[in-house]
Amino acid sequence: MEKYEALKPKLEKVIQAAAFIGVAVLMLSPLFQWAERIFLLKTGRGVLFTEFVYNEMGDSIEVYQEMIRTTQSVVALMSKLIVGALFIYVFLSLRKQKNMKSYLLAALPLIIFAAYAAGIYAVTRIRGFTTFDALPNYYLGDTIYDFMRHPFTYFFCGMFIFKDRARRLLINIFSVSAMILNAASMMDRWVIHNRCFTGLKGSAIFNNTNHYGYYLAVAIVCMALQFVYEDKPLYKVFHGANTALGMAALISTNSLGPYVAVTFTLLLFAIYCFRNEKDRFRWALIALAITVVINLMMSFIVETFMASIIRTVFDFGNIIADPSGHDDAGSGRWELWKAAVGYISRKPLCGWGIEGYEEGSTAHNEVLQYAVNFGIPVTVLHIAAITVVMAETYIKKKKLSKMTLLCFCCTFSYIISAMFGVAIFYTTPFLYIFLGMTYAEVAADIASGNKNETSSTGGGENIAILKKV
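Criteria and thresholds
- Residues numbered from 1 in each chain as written.
- Predicted model: local features only at pLDDT ≥ 70, side-chain atom pairs only at ≥ 80, totals over all residues.
- Heavy atoms only, no water.
- Helix = DSSP H or I, 4+ residues; strand = E, 2+ residues; numbered from the N terminus.
- Buried < 20%, exposed > 50% of the residue type's maximum accessible area, 1.4 Å probe, protein only.
- Contact = heavy atoms within 4.5 Å.
- Areas by Shrake-Rupley, 256 points an atom, 1.4 Å probe, with all protein chains shown as cover.
- Patch = residues over 30% accessible without salt bridge, like charges linked within 9 Å, V, L, I, M, F, W, Y side chains within 5 Å.
- Salt bridge = Lys/Arg side-chain N within 4 Å of Asp/Glu carboxyl O.
- Expected span 1.5 Å × (residues − 1).
- pLDDT = per-residue confidence, 0-100.

Trainee: Any chance you could explain the overall build of the chain here in plain terms?
Mentor: Each helix and strand counted, the chain has 19 helices and 0 strands in total. Residues counted as buried form 56% of the 469 residues belonging to the chain. Nonlocal contacts in the chain, meaning residues at least 24 apart in sequence, comprise 78% of its contacts between residues at least 6 apart. On the chain, roughly 20200 Å² of surface is accessible, and the fraction owed to carbon and sulfur atoms is 66%.

Structure representation (structure tokens):
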């Protein structure tokens, strides 16, 4: 085996390059879709685009679904390259392999996700396939196979972004691409209609303003934390302006869930900085203040979220006083949540399948949506896998790089937003990408045998898993 040692560094580069490509392709997918629609408009082939501002169910969403399926194929190919290179790497290292327990602990989220995927298939076989279990719904776009694949494509690629420099580059790619999209969305919303944007006005390349909000819930937190952690004045100003632009785009969507997610995440991050990184505390407060200032500025032209939050507080008060009434509370979410709980109680183990209980109706809460689709046991497995990643990262927060903490906060913001939203083909993959990048450094630390170590290691360049195989 010794004569093949020189091959191992090359295998490491293959793994890291494949993971980088897989993550980057998904992060750039909204811009790719925009470019594809420009091409279709110029050539007149493939899709009929409307001149109307409102076209919620346009053919363009099918184009986006096809592109995301292609994207997932690319990411799946990168995942297979990683598996192949990793298999060879492990085979070459068999004589040095000593601590299998650490490797299994590092792979625990994947093991739980494997049980989750197997559970989806099992309950589907038990109750029988619904129409959209195997064929993509024209709107939501995900089959059971997509739900099963996500952890082993997007999350898998994300967790092999070991190097802090690679995470930083990917974060920059994501925030700059979001900035371009946000600027175009604001132009579409307030200046002149963009024919490529065929969904609700102000929803950018997405089909619905809420869907755009799910994307912004991640993007704005990403930009805000870049602002906090950037030391160069010019770049700090850029990230601050980018955060402001993102907030303006989010307020224009009038999507309350993502706004709550962003505000709550930045508030908790400010508390974290006060307790653990006092030198960053004032910048965390400024990032939070940017969201408030933009809200106040835009209150002159739209109903801002402050008014929506006040109304929501009254809604919750009415719900507490009379849970059986006030179905219009939370923009009708309360009625949807009650209906979802009713369906879950009728089929708690196997669920109803995708769109199996009422076509076109979703719970607008991802946890309830998973439970309605696949039953409670499968949903618990999904939550457990995510919880393991987030809990391990939080426990090790003081020894992790800033980019890992940024990915953690982006993931947390998505999770909060998901309590008010739906799992849909072009935004759900962002959860898995950021969840994977959150876990990459943590997995490396666990696999290296430092699970119970609490001293700081300096974060960004922790020993990678591959180095300890």
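Trainee: Mind showing me how you'd approach a nonpolar patch on the surface here?
Mentor: Taken together, the side chains of Met187, Trp190, Val191, Ile192, Phe300 and Ile301 define a hydrophobic patch exposed on the protein surface, amounting to about 690 Å² of accessible area. Among the secondary structure elements, Ile192 is positioned in the loop between helix 8 (164-190) and helix 9 (209-229).

Trainee: Help me understand helix 5 (residues 108-127), please; the structure alone is not making it clear to me.
Mentor: Working note: α-helix, 3.6 residues per turn, so residues spaced by three or four point in the same direction. In this model helix 5 runs 29 Å from its N-terminal to its C-terminal C-alpha over 20 residues, within 8% of the 28 Å that 1.5 Å per residue would give. What helix 5 keeps buried is the set Pro109, Leu110, Ile112, Phe113, Tyr116, Ala117, Gly119, Ile120, Val123 and Thr124. Contact partners of the buried residues in helix 5: helix 4 (100-106), helix 6 (131-134), helix 7 (144-158), helix 15 (366-374), helix 16 (376-395) and helix 18 (428-447). Immediately downstream of helix 5, the backbone of Gly128 shows phi near 95°, a positive value.

Trainee: When you look at the confidence of the model for the chain in this model, what are you seeing that I'm missing?
Mentor: As a general rule, the predicted coordinates of low-pLDDT regions are not to be interpreted in detail. When pLDDT is averaged along the chain, the result is 85; 82% of the residues meet or exceed 70. With pLDDT under 50 throughout, residues 452-469 is counted as low confidence; its partners more than four residues away or in other chains account for 41 contacts.

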